[in-house]
Amino acid sequence: NRRREKTSRKRKEKIREKVRHFERLPFQNPEIGRLICGLLYLCEGGKYPFSRHLTFGNSDPGIIKLFIRLLREHYNIDENKIRCRIMHRWDQNGEELKNFWRRVTQIPINRFYKSYADKRTRNSVTKKRDYKGICAIYYFDTSLQFELQSIGEAVINGGAGGI
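Reference entry: report on the structure contained in this document. Bear in mind that the values here come from a model prediction, so they are computed numbers and not experimental data.

Quick look at the pairing of strand S2 (residues 82-89)
Working step 1: The pairing of S2 with strand S4 (residues 134-139) spans 6 bridges and is classified as antiparallel. Bridge pairing links Ile86 to Cys135 in S4.
Working step 2: Bridge count for S2 against strand S3 (residues 116-118) is 3 bridges, and the pairing is parallel. Counterpart to Met87 in the pairing with S3 is Tyr116.
Working step 3: For the handedness criterion, the β-α-β arrangement of S2, helix H4 (residues 94-105) and S3 is classed as right-handed.

Focus on a positive patch on the surface
Working step 1: Among the surface-exposed residues, Lys6, Arg9, Lys10 and Lys14 lie close enough to one another that they form a single positively charged patch.
Working step 2: Note on placement: Lys14 falls in helix H1 (residues 2-19).
Working step 3: Taking relative accessible area as the criterion, Lys14 reaches 66% and is therefore assigned exposed.

Some remarks on the sheet that holds S4
Working step 1: With mixed pairing, 4 strands are arranged side by side in an open sheet as S1-S4-S2-S3. The two strands at the open ends of the sheet, each matched to only one other strand, are strand S1 (54-58) and S3. For this sheet the average axis-to-axis angle between neighbouring strands, irrespective of direction, equals 20°.
Working step 2: On top of the sheet, helix H3 (residues 61-74) reaches S1, S2 and S4; it is set at about 150° to S1, its chief contact.

What about unusual backbone geometry?
Working step 1: In this structure, Gln106 is a non-glycine residue whose phi angle is positive, near 60°.
Working step 2: Considering the arrangement of structural elements, one finds Gln106 in the loop between H4 and S3.

Criteria and cut-off values
Residues numbered from 1 in each chain as written. Predicted model: local features only at pLDDT ≥ 70, side-chain atom pairs only at ≥ 80, totals over all residues. Heavy atoms only, no water. Pairing = 2+ DSSP bridges. Helix = DSSP H or I, 4+ residues; strand = E, 2+ residues; numbered from the N terminus. Right-handed = clockwise from strand over helix to strand, strands pointing away. Patch = residues over 30% accessible without salt bridge, like charges linked within 9 Å, V, L, I, M, F, W, Y side chains within 5 Å. Areas by Shrake-Rupley, 256 points an atom, 1.4 Å probe, with all protein chains shown as cover. Salt bridge = Lys/Arg side-chain N within 4 Å of Asp/Glu carboxyl O. Lys, Arg positive; Asp, Glu negative; His and termini not counted. Charge placed at Lys NZ, Arg CZ, Asp CG, Glu CD. Buried < 20%, exposed > 50% of the residue type's maximum accessible area, 1.4 Å probe, protein only. Axes fitted to C-alpha atoms, helices over the stretch in contact; angles between N-to-C directions. Contact = heavy atoms within 4.5 Å.

Have a look at this one:
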């Protein structure tokens, strides 16, 4: 078992070394920043026309932090239009989680909606200690939502040779 774990660790480290150069992507380049933002949105965002404002949610603080950073750097957003909601398991403290995500997003606490405890988890205990719920970012601008979605779709259509 230990030998298998050691082999697995070595294999994973080799893969991490192989892709480490992606950390040096020029995120400050508007084309790169908008491209990544659009791809993230296509994967984790609410799609037009079912949603009429930008909604992006994830439980990974790194993904949320990157998305909000790219929005702020590459789009002329109005910070007053940003809102946030935390959806969490029943046994978690919503106020503590709001404070955690406030630090990650740099969105003032007064722009957070009431957190939502999932009733389906009422009779179970959260097993992952580092699980901080899902952070949903809302931005009330249909044009920006549609632009991000369209960037992702353009990449897919170009890469897939059209569908």
